[in-house]
Amino acid sequence: MAEIAYTELTSEDILRHPSFIALRGDKAAEEVHMEKAQALDEFEPPQGIELKDEEGEEVAERLGVRLTSPHRVVYPDQGTTKAQLVDYYSEVAEAMLPHIANRPLSLVRCPQGRAKHCFFQKHDTGSFPEQIYSETITEKDGDKQNYFFIKDLAGLVAGTQMNVLEWHIWGSHFDDVDKPDRLVFDIDPDEGLDFSHIISAATDIRDRLADLGLKSVPMVSGGKGVHVIVPLKPEMDWAEAKTFCRDFAKKLESDEPDRFTANLSKAKRKGRLFIDYLRNERGSTAIAPWSVRSREGAPVAVPVTWDEVPRLKGANIFSLEAAAERAQGDNAWPDYFKLKQKLTAKMLKAVSE
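Calculation notes
Residues numbered from 1 in each chain as written. Predicted model: local features only at pLDDT ≥ 70, side-chain atom pairs only at ≥ 80, totals over all residues. Heavy atoms only, no water. Axes fitted to C-alpha atoms, helices over the stretch in contact; angles between N-to-C directions. Helix = DSSP H or I, 4+ residues; strand = E, 2+ residues; numbered from the N terminus. Left-handed = near helix turned anticlockwise from the far one by under 90°. Contact = heavy atoms within 4.5 Å. Nonpolar A, V, L, I, M, F, W, Y, C, P; charged D, E, K, R; others polar. Core = buried A, V, L, I, M, F, W, Y, C linked by side-chain atoms within 4.5 Å. Buried < 20%, exposed > 50% of the residue type's maximum accessible area, 1.4 Å probe, protein only. Patch = residues over 30% accessible without salt bridge, like charges linked within 9 Å, V, L, I, M, F, W, Y side chains within 5 Å. Areas by Shrake-Rupley, 256 points an atom, 1.4 Å probe, with all protein chains shown as cover. Salt bridge = Lys/Arg side-chain N within 4 Å of Asp/Glu carboxyl O. Lys, Arg positive; Asp, Glu negative; His and termini not counted. Charge placed at Lys NZ, Arg CZ, Asp CG, Glu CD. Pairing = 2+ DSSP bridges. Phe/Tyr/Trp six-rings, centres within 6.5 Å; stacked < 30°, edge-to-face > 60°. Disulfide = S-S within 2.5 Å.

J.: Let's hear about the packing of helix H1 (residues 53–63) against helix H3 (residues 153–161): which residues, and what values?
T.: At a minimum axis separation of 10 Å, H1 and H3 run at an interaxial angle of 120 degrees. The chirality of how H1 crosses H3 is left-handed. Here H1 contributes Val59, Ala60 and Leu63 to the contact with H3, which in turn contributes Leu153, Ala154 and Val157. Grouping the constituent residues of the contact of H1 with H3 by class yields 6 nonpolar, no polar and no charged.

Next up, the structure:
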């Protein structure tokens, strides 16, 4: 009897990507049977806590942020107001700030609410409240630009005052912008693919990273996909980080070309999952954990556990209220800031071969 590892069974019950592990003399062949998949209960987000205008207004006043038009509706389908959004960020700030504070930011601003015109802003052009800071970064072409950053809840509230509906973060901190401390693999599905494809891709990426010696954490993006995030000790430069992520994505593509693509082209994505590695370069950003999205339903990007991933039924399942309650519970990533992982020459070589 032989022990064989494989990724999955095809519809014809053929092993996909079988790999010989060892001969087994400890069991009789007739004792071994194929395991049957068991249906898992779907993950249900918490019911959520009520977000209130008066709570948001009190938070803004306490922090010294002038909140104009607090009752203006920013998510018309939900009736969510600017003040309620402030109340939301006050509920999640303790969980969110360790992931967003003191990083260069790009902001999605929607002055007339989610349903109207929104735009992406990464440079400070002035007129922002004092609770939102900026610092100069020298771009790749030598040009110098002021990039936003925040330090605390007051910054999140000031951003809400400035109609920020999405917070996107660099993969590095201001104290060393050229040394990334996180990698992100964004699983972006072709239209029509069932969410189960994203779930299996996320767990496969986790396992492949683990085989290289890297631990990862999952996050529902609030959009269509799942982010697999690798926390790092900030030692390597952006060029090495991008090379590793590109080669990792291309290896997925070469191993399973009918399932994955590392090509940004929509045409190349048909029926496949695009593994977006392009967020792992200097100046690129990814949605921050606990940030609301400027999408229908006001979904939130929320950290989840690997045990929860197989039971997820979508990437946009957390409402503001559900995310606010979730943030009060156990940390889905308890060891995130304890992981001091490094990309080694061996890892770089393994994904490039």
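What follows continues from the structure just given.
J.: Talk me through the nonpolar core; I want residue IDs and the actual numbers.
T.: If you look at the biggest cluster of nonpolar residues, it comprises 86 residues, and the most contacted ones within it are Tyr88, Tyr89, Ile100, Leu156, Trp167 and Phe244. Core analysis: the second largest hydrophobic core is formed by 10 residues, Val217, Ile229, Trp333 and Tyr336 among them.

J.: Tell me about a negative patch on the surface, and please be specific about residues and values.
T.: Residues Glu50, Glu54, Glu55, Glu58 and Glu61 make up a contiguous surface patch of negative charge. Structurally, Glu54 is set in helix H1.

J.: So what's going on with the sheet that holds strand E12 (residues 182–189)? Which residues, and what values?
T.: Taken in spatial order, the 6 strands make up an open sheet running E15-E16-E12-E14-E13-E18, and their pairing is mixed. If you trace the sheet from one side to the other, it starts and ends with strand E15 (260–261) and strand E18 (302–303), each paired once. As judged from the 6 bridges shared by E12 and strand E14 (residues 226–231), these two strands associate in the antiparallel manner. Bridging across to E14, Val184 finds its partner in Ile229. Sheet strands touched by helix H4 (residues 195–212): E12, E14, E15 and strand E16 (273–276). Its angle to E14, the strand with the most contacts, is close to 15 degrees. Along the sheet, helix H5 (residues 238–255) makes contact with E12, E15 and E16, crossing E12 at roughly 35 degrees.

J.: Outline the packing of aromatic side chains, listing residues and values.
T.: Taken as a whole, this structure holds 10 aromatic pairs when the rule is applied. Ring centres 5.5 Å apart and planes at 25 degrees place the aromatic pair Tyr133 and Phe149 in the stacked group. Highlighted residues: Tyr133 in strand E9 (residues 133–138) and Phe149 in strand E10 (residues 144–149), separated in sequence by 16 residues. Measuring from centroid to centroid gives 6.1 Å for Phe244 and Phe248, while their planes differ by 35 degrees, and the two rings are tilted. On the criterion of helical spacing, the pair formed by Phe244 and Phe248 is a turn pair, its members being 4 residues apart in helix H5.

J.: How would you summarise unusual backbone geometry if you had to cite specific residues and measurements?
T.: You will see that Asn163, though not glycine, has its phi angle at about 65 degrees, which is positive. Here Asn163 shows up in the loop between H3 and strand E11 (164–169). Of note, the phi angle at Ala298 is positive, near 50 degrees, even though the residue is not glycine.

J.: Which residues make up the pairing of E14, and what values do they have?
T.: Taken across its 6 residues, E14 has 6 buried, putting it largely inside the fold. Covered by surrounding structure in E14 are Val226, Val228 and Val230 together with His227, Ile229 and Pro231, the residues of both alternating faces. In terms of strand pairing, strand E13 (residues 217–220) meets E14 through 4 bridges, oriented antiparallel. Pairing of Met219 across the sheet is with His227, part of E14. Remark: 5 residues form the turn of the hairpin made by E13 and E14, two consecutive strands paired antiparallel; Gly222 in that turn has positive phi of roughly 80 degrees.

J.: An account of the state of the cysteines is requested, with residue identities and associated values reported.
T.: A full pass over the atoms with the stated rule returns 1 disulfide. Disulfide pairing is shown between Cys110 and Cys118; the S-S distance is 2.1 Å. Between Cys110 and Cys118 the sulfur-sulfur dihedral comes to about 115 degrees; the bridge is accordingly right-handed. With relative accessibility at 25%, the residue Cys118 sits in the partly exposed group.

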